[in-house]
Amino acid sequence: MRPIHYAAEKGHSEVFRVLLDKTDQAEFENFYWNCLDLAINENQVEVAYAIFQTQNSEKWKIMLRSRSKHDDSDSKCVDTPMRKLIRKMPDVAKMVFDKCTQITRDKHFAVEFNYEFLDDTYYLGGWKETTHKKRGKVAKNVHDDLQKNKDEEKNQKTSKDTPYTKNAKVIKKNHPLMIIVKSKQTQLLDHPLVTALLRRKWIWKGLISTIVNFLLYLAFLVLLTGFAIDLRAPYQFNSSPSYTDVNWPVFGNEKIPKFAKIAQPGILITAVVVILIEFIELKEMFSGKVWLYLKEIENIVQWITCITAFIFAWNINGSDNGVGYMTPFQWICGTISVFFAWTNMLFIIQKFDWIGIYVVMLKRIIKMFTKFFLVFSLLIVAFAITFHCLFQNQQHFSTFWISLMKTTSMMIGGPDFVTIFLDETAHYDIISYVFFYGFMLLMAIVVINLLVGLAVSNIQEFQKKADHAKKRMQVKFTLELEGIATRRIKWLKKFTSKFKCLKKLMSKLQRKPEKTETFCPKKQDWLSRKYAESWKLSERHITAAMNTEKDDTSKVVVRIDTKMKALETKLETHMKHVDDQLGAILKMKKDDSSLVVARSDTKMKALETKLETRMKHVDDQLEAILDIIGSKSEEN
């Protein structure tokens, strides 16, 4: 271990800056320890900032180009400094994203995005394996380990265009984008670098499969809707037999319409195709885990739609005279399938950029309404029972269930005063007027206006959360497709090789992505600019995102906040250590021996002294932070 590693581990940021400037770039490539890993694991925020504030960009790039074993039990998952920064130091990770986003304004506004450290699936295997462990925990023979790393690098050079693993589950779980989503780092999710990478992945992989799925489902929806509209309900036929007899011979002059006759086999075929696609999705994207698959509400809706549509289109009664008679059970299934088919279209179009955000907003508003409904539904039941007791002589309130429906409709459409009190006889006048007036004030005015107020006041918050939810959905979907394409499934490869267009599509999905991408909005056509604006990648959006912390005061505040979090983490660790020591002392005190008691008292005093020293250190750090804030405010 070199002095620079000790400085990084112990948090001596000023010493580290000097050593970082004095250390040659070539020496970093031969280090067995990674300074950045040591700083992250010990929560040394100032050291992490110092690494990325150096003028030599190759030094911090070399530190980021390293990999180590993940702390998780899954040995296939590897860890990198970028992944650790996202989890533990998101503010430092944002600084890295800023350095990977280079803006030029020579003739036109242009941005160069460097995706090497954010999308490292094809580059991670060629990076050097280092360690973040302290001295004494590493292997005894460092030279053997270094030689092992060199041998691994030689083997990896032959397969530099392949991903570091063929396990689709590991690629999805261990990708930096997925770590951003799971860590709920919305600040990083909104960064132009993340947005640009997600847009590129979505155009290459997600958009194509979404359009194909949309067109297939649109054909199914048109056939099902036309089939249901053209047919007549069972109760409209010229007889009244028992509806339980599905083999009832149909008679009459009615004939099945031409469109329904054509749509019937089309519904059966498309329903079977969609079911097969769902089986493939269950196997490939969810690894055959049914409980994970059923956690997605759209999958449940998809299955209900396909099964009920298949029953609806299948000729159960066996009649061949072409009158198009459906049994009541089939007709009910058809009604359910049409409703869920149009509802499922919402889940499909939510993946598109321009309209998807509004679908996500609708889902969030429905969730909020469902929570609120649990509260005011008690009031609806209370008024429904009350009106049933007072107006049993009226048909609208003759039973509890009718009264419940009438009360709910009165809340939406307004209380029906004329019908209840003038057209019908109302007994118990005083108490009836009191409850009816209370219903008008509470349910028709207060509750409705409260719902409108909640929706309007939170609309901006809903829109922001919906945008994040849409991005999280697109991250998961594109990484799932990327994992499937990376695996190069044998049966899929054999199937696509028979068709030129599918073969070209699979080769595009399996192509190694470029490290960098240059984005110039003014050189794009009108449609491309509008599409970029929907992703918030216009000149205005990128400039605003990159200048959020332009002034020095805001940068200092962010760094102070990060340092405070690191101090809190350290203090919690030391407090836990003290608690463990106290527990051991109390266990020792159970012995009656006076010698043990004296030793435990001495140890207790030593721990108290150590804790007081640590608390004093934290107080000194807080005073230094307050002095920095005061000096910055005086300068401003």
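Residues numbered from 1 in each chain as written. Predicted model: local features only at pLDDT ≥ 70, side-chain atom pairs only at ≥ 80, totals over all residues. Heavy atoms only, no water.

1. Considering a nonpolar patch on the surface
Together, V290, L294, I297, I300, I304, I332 and I336 make up an exposed nonpolar region whose accessible area comes to about 530 Å². By residue number, the principal contributor to the nonpolar patch is helix α16 (residues 297-313), which donates 3 residues. On the secondary structure map, I304 appears in helix α16. The exposure class of I304 is partly exposed, given its relative accessible area of 31%. (Patch = residues over 30% accessible without salt bridge, like charges linked within 9 Å, V, L, I, M, F, W, Y side chains within 5 Å. Areas by Shrake-Rupley, 256 points an atom, 1.4 Å probe, with all protein chains shown as cover. Salt bridge = Lys/Arg side-chain N within 4 Å of Asp/Glu carboxyl O. Helix = DSSP H or I, 4+ residues; strand = E, 2+ residues; numbered from the N terminus. Buried < 20%, exposed > 50% of the residue type's maximum accessible area, 1.4 Å probe, protein only.)

2. Some remarks on the confidence of the model for the protein chain
This prediction gives the protein chain a mean pLDDT of 76; 70% of its residues lie at or above 70. When the criterion is pLDDT under 50, residues 134-150 qualifies, and its contacts beyond four places in sequence or with other chains add up to 16 contacts. Predicted confidence is poor over residues 549-554, with pLDDT under 50, and the contacts of this stretch with residues over four places away or in other chains come to 8 contacts. (pLDDT = per-residue confidence, 0-100. Contact = heavy atoms within 4.5 Å.)

3. Points about the pairing of strand β1 (residues 66-69)
Two elements, β1 and strand β5 (residues 128-129), share 2 bridges in a ladder whose sense is parallel. Looking at β5, one finds that S66 is bridged to K128. As judged from the 2 bridges shared by β1 and strand β2 (residues 78-79), these two strands associate in the antiparallel manner. When the bridges of β2 are listed, K69 appears paired with V78. (Pairing = 2+ DSSP bridges.)

4. Brief notes about the sheet that holds strand β4 (residues 110-114)
Within the open sheet, the 3 strands sit side by side as β3-β4-β6. Their pairing is antiparallel. Both edges of this open sheet fall to β3 (101-104) and β6 (516-519), since each of them pairs with a single strand only. Across the sheet, the mean angle separating the axes of adjacent strands is 15° when strand polarity is ignored. Pairing of β4 with β6, which is carried by 4 bridges, proceeds in the antiparallel orientation. Paired with V111 across the bridge in β6 is F519. (Axes fitted to C-alpha atoms, helices over the stretch in contact; angles between N-to-C directions.)

5. Some remarks on the pattern of salt bridges
Here the structure, examined in full by the defined rule, presents 13 salt bridges. D79 is paired through a salt bridge with R87; the nearest N and O atoms lie 2.7 Å apart. By relative accessible area, R87 is classed as partly exposed at 33%. Between E116 and K515 there is a salt bridge, with the nearest N and O atoms lying 3.8 Å from each other. Taken together, the positions of E116 in the loop between β4 and β5 and K515 in the loop between α24 (500-509) and β6 put the pair 399 residues apart, joining distant regions of the chain. With relative accessibility at 4%, the residue E116 sits in the buried group. The partly exposed category is assigned to K515, whose relative accessible area is 35%. Residues joined by salt bridges that share partners form a network here, namely R65, E116 and K515.

6. Things to note about unusual backbone geometry
Glycine aside, residues mostly have negative phi, and peptide bonds are mostly found in the trans state. Notably, N43 is not glycine yet its phi reads approximately 55°, a positive angle. You will see that Y428, though not glycine, has its phi angle at about 55°, which is positive. Turning to its location among the elements, Y428 is positioned in the loop between α20 (417-423) and α21 (429-457). For Y428, a relative accessible area of 57% puts it in the exposed group.

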